[in-house]
Amino acid sequence: MATLIRSKLSNKLSNAATAVSNKSQAKVSGMFARMGFQAATDEEALGFAACDDLDYDHRQGMQMDILTSDELGGEGSGDSGGLDGDSHYQRDGTGPSRSASKDGGSTNELAEVRPKITAWEAGWNVTNAIQGMFVLGLPYAILHGGYLGLFLIIFAAVVCCYTGKILISCLYEEDEDGQLVRVRDSYVDIANACCAPRFPTLGGHVVNVAQIIELVMTCILYVVVSGNLMYNSFPSMPISQKSWAIIATAALLPCAFLKNLKAVSKFSLLCTLAHFVINVLVIAYCLSRARDWAWDKVKFYIDVKKFPISIGIIVFSYTSQIFLPSLEGNMQKPSEFHCMMNWTHIAACILKGLFALVAYLTWADETKEVITDNLPSGIRAVVNIFLVAKALLSYPLPFFAAVEVLEKTFFQDGGRAFFPDCYGGDGRLKSWGLTLRCSLVVFTLLMAIYVPHFALLMGLTGSLTGAGLCFLLPSIFHLKLLWRKLQWHQVFFDVAIFVIGGICSISGFIHSMEGLIEAFKYNIED
């Protein structure tokens, strides 16, 4: 009896001491939060622990459902739903993501764990993002930047690799044992964590707006480059560049009916291989004219008015930060992420630098905004047709991503949605959902018709959203979330990247807008 009384008193005293300790630590953490550094760390730690418990329970339950369904011959419980991967798991315990209702809404589908990818597969995805067809504008950047343009290709690779790594580090926090735990899933989660507790959703809105702008501008660039390539491939035909853009958009209208990217993803490997072959053909042609290379045309001085546009072009060609959190979360060995980023950006830097320099040396001052337009008519037609096919097959990817962001923000945000869901109970697309998608396709067409300037649009996008998502936001998020753990050289790098990125972004945006205004004023077309 005495032992029982002593144990109860001991427990009460221990609980009281723990409560007093938590209160005092919460006060200190709150002081740091008001000073603008991290949010209350102990309160966050409790939230992170709760998230870990929910995640553990969810995964254990999901595995039990799979085992049970296998034993029953495939007849799982009706509440399992469809799972869309780790990045879509709801922390509030709501379970499956919204995609279950899209793909038919059958609640008796078994939840499946998306298979993890290797470091090589992750590197292939990053390579596809930063080695896309927008490298065709890099020789034009050398035209206005000379050797400094080559240096910026290297510098942008180094900075984008670094900001990609620090962005991923913002997904993690240390637990009580000092182990790193992944407590955030996406770019939006990082932004919201930085703005909490005063404005818990402001950061996510900013990132979503930047993401939508970049995705839509990418769609517009695909239509612009399709019209440009077809017009320059068949100059004798009585069809203008705007008319070619309309024809290309007509082929893209079926994108409005996409529910998933399964059909489109089958062509992604073929598109990448085709683009690789095209790059080889262009470089082979340039090497065949190596005797005529104009080394004396590569300048050490820059065109002050047009070079900032080149900065935006170079930055835009490296943008991949948007999907890096999801990519890292689906890797079999997340510890290999840093190594993967290193070799992909080193390879991109070498290939882009060589491609831009060799192409510029071949055509020098005659270098055009899309380098394939400089090829002889016979080779140009073949190469450009392949590029148009690649552009049209690449269009659904950013289009579908932009539609998902818009639908989630305005139509599927629970009780906070501005409009009713775009999908019915049977998974069919409703009329306003189809109108949204068709309007987005038409908007990209109108922009491509009235602003048919590939390099200027690419520079504008790179300066506006590319620099923000690749330079500014990752550095400021890193400083805000991990301030107390950073060493002085890391703080210096983050501040330097933020300042340099801000200057490049502002100057590139101003000069790109000036170029567009000048093009409208004098009715200049590509």
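What you see is a predicted model, and the numbers here were worked out from it, not measured in a lab.

**Q** Honestly, the overall build of the protein in this entry has me stumped. Any pointers?
**A** Counting secondary structure elements, the protein contains 19 helices and 2 strands. When each of the 526 residues of the protein is scored for burial, the buried share is 46%. Sequence separation of at least 24 residues holds for 78% of the intrachain contacts in the protein that already meet a minimum separation of 6. Working note: accessible area of the protein is about 26,200 Å², and carbon and sulfur atoms make up 66% of it.

**Q** Help me understand the packing of aromatic side chains, please; the structure alone is not making it clear to me.
**A** Each aromatic ring pair is summarised here by two numbers: the centre-to-centre distance and the angle between the ring planes. One pass over the structure, following the stated rule, counts 9 aromatic pairs. When the ring of Tyr162 is compared with that of Phe493, the centres are 6.2 Å apart and the planes differ by 80 degrees; the resulting orientation is edge-to-face. Of this pair, Tyr162 sits in helix 6 (residues 147–169) while Phe493 sits in helix 19 (residues 488–521), and the two are 331 residues apart along the sequence. For Phe493, a relative accessible area of 39% translates into the label partly exposed. Measuring from centroid to centroid gives 6.3 Å for Trp293 and Trp295, while their planes differ by 65 degrees, and the two rings are edge-to-face. Joined through ring pairs, the aromatic side chains of Tyr162, Phe492 and Phe493 make up one cluster. A cation sits over an aromatic face here: Lys352 above Tyr318, 3.6 Å from the ring centre.

**Q** Is there a simple way to think about the nonpolar core in this case?
**A** In summary, soluble globular proteins display a tendency toward joint burial of nonpolar side chains. Formed by 120 residues in total, the largest nonpolar core has its most connected members in Ile314, Tyr318, Met340, Tyr395, Phe399, Phe454 and Phe477. When residues no more than four places from it in sequence are discounted, the contact partners of Tyr395 are Cys219, Tyr222, Val223, Leu252, Cys255, Leu440, Val441 and Thr444.

**Q** Just to check I follow, could you spell out unusual backbone geometry for this structure?
**A** What is expected of a backbone is that most residues other than glycine have negative phi and most peptide bonds are trans. Between Ala196 and Pro197 the backbone carries a cis peptide bond, its omega angle lying at 5 degrees. Note that Pro197 resides in the loop between helix 7 (187–195) and helix 8 (202–233). You will see that Ala364, though not glycine, has its phi angle at about 50 degrees, which is positive. On the secondary structure map, Ala364 appears in the loop between helix 14 (337–363) and helix 15 (377–394).

**Q** So what exactly am I meant to see when it comes to the side chain of Asn208 here?
**A** For Asn208, the location among the structural elements is in helix 8. You can call Asn208 buried: its relative accessible area is 16%. Non-local contacts of Asn208, meaning those with residues more than four positions away in its chain, are made with Val188, Val405 and Thr409.

**Q** What is the right way to read helix 18 (residues 454–481) from this model?
**A** Because the α-helix completes a turn every 3.6 residues, residues three or four places apart line up on one side. Here helix 18 contains 28 residues, and its C-alpha end-to-end distance of 37 Å stays within 8% of the 40 Å for a straight helix at 1.5 Å per residue. Taking the largest bend as the criterion, helix 18 deviates by roughly 55 degrees, centred on Gly468. Most of helix 18 sits out of view: 25 of its 28 residues are buried.

**Q** How should helix 19 be read in this particular structure?
**A** Across its 34 residues, helix 19 extends 49 Å between first and last C-alpha, which sits within 8% of the 50 Å expected from 1.5 Å per residue. Where the residues of helix 19 are buried, they touch helix 6, helix 12 (307–316) and helix 18.

**Q** I tried to follow a negative patch on the surface on my own but got confused; where do I start?
**A** Negative charge collects at one region of the surface, where Glu174, Asp175, Glu176 and Asp177 lie side by side. The topology assignment puts Asp177 in the loop between strand 1 (172–174) and strand 2 (180–182). Given the relative accessible area of 65%, Asp177 is considered exposed.

**Q** In this structure, what is going on with a nonpolar patch on the surface? I would like to understand it.
**A** Taken together, the side chains of Val209, Ile213, Leu464, Ile506, Phe509, Ile510, Met513 and Ile517 define a hydrophobic patch exposed on the protein surface, amounting to about 670 Å² of accessible area. Those elements that place two or more of their residues in the nonpolar patch are helix 8 and helix 19. Take the nonpolar patch: its biggest share by element is 5 residues, from helix 19. A relative accessible area of 40% places Ile510 in the partly exposed class.

**Q** Explain the side chain of Arg184 here, please?
**A** Within the element layout of this structure, Arg184 appears in the loop between strand 2 and helix 7. Of the residues examined, Arg184 reaches a relative accessible area of 3% and is grouped as buried. A polar side-chain atom of Arg184 sits 2.5 Å from the main-chain carbonyl oxygen of Cys170. One polar contact links Arg184 to Glu173, side chain to side chain, over a distance of 3.2 Å.

**Q** When you look at the pattern of salt bridges in this model, what are you seeing that I'm missing?
**A** Side chains carrying opposite charge are able to pair once their charged atoms draw close together. Within the structure shown, the criterion is met by 5 salt bridges. Here Lys485 makes a salt bridge to Glu173, at a shortest N to O gap of 3.9 Å. Taken together, the positions of Lys485 in the loop between helix 18 and helix 19 and Glu173 in strand 1 put the pair 312 residues apart, joining distant regions of the chain. One salt bridge in this structure joins Asp185 and Arg182, with 3.3 Å as the shortest N-O distance. For Asp185, a relative accessible area of 16% puts it in the buried group.

**Q** Is there a simple way to think about the packing of helix 7 against helix 18 in this case?
**A** Any two packed helices are characterised by the angle at which their axes cross and by the distance between the axes. Relative to each other, helix 7 and helix 18 sit at 45 degrees, their axes nearing to 10 Å. Regarding the angle of helix 7 to helix 18, the classification is oblique. As for the relative orientation of helix 7 and helix 18, their crossing is left-handed in sense. From helix 7, Tyr187, Ile190, Ala191, Ala193 and Cys194 reach across to helix 18, where they touch Gly468, Leu469, Leu473, Pro474, Phe477, Lys480 and Leu481. Taken together, the residues of the contact of helix 7 with helix 18 sort by class into 10 nonpolar, 1 polar and 1 charged.

Thresholds applied
Residues numbered from 1 in each chain as written. Predicted model: local features only at pLDDT ≥ 70, side-chain atom pairs only at ≥ 80, totals over all residues. Heavy atoms only, no water. Helix = DSSP H or I, 4+ residues; strand = E, 2+ residues; numbered from the N terminus. Buried < 20%, exposed > 50% of the residue type's maximum accessible area, 1.4 Å probe, protein only. Contact = heavy atoms within 4.5 Å. Areas by Shrake-Rupley, 256 points an atom, 1.4 Å probe, with all protein chains shown as cover. Phe/Tyr/Trp six-rings, centres within 6.5 Å; stacked < 30°, edge-to-face > 60°. Lys NZ or Arg CZ within 6 Å of the ring centre and 35° of its normal. Core = buried A, V, L, I, M, F, W, Y, C linked by side-chain atoms within 4.5 Å. Expected span 1.5 Å × (residues − 1). Bend = angle between axes of the 7 residues up to and from the residue. Patch = residues over 30% accessible without salt bridge, like charges linked within 9 Å, V, L, I, M, F, W, Y side chains within 5 Å. Salt bridge = Lys/Arg side-chain N within 4 Å of Asp/Glu carboxyl O. Lys, Arg positive; Asp, Glu negative; His and termini not counted. Charge placed at Lys NZ, Arg CZ, Asp CG, Glu CD. Polar contact = N/O pair within 3.5 Å; in protein donor to acceptor, adjacent residues only side chain to side chain. Axes fitted to C-alpha atoms, helices over the stretch in contact; angles between N-to-C directions. Parallel < 35°, antiparallel > 145°, perpendicular 65-115°, else oblique. Left-handed = near helix turned anticlockwise from the far one by under 90°. Nonpolar A, V, L, I, M, F, W, Y, C, P; charged D, E, K, R; others polar.

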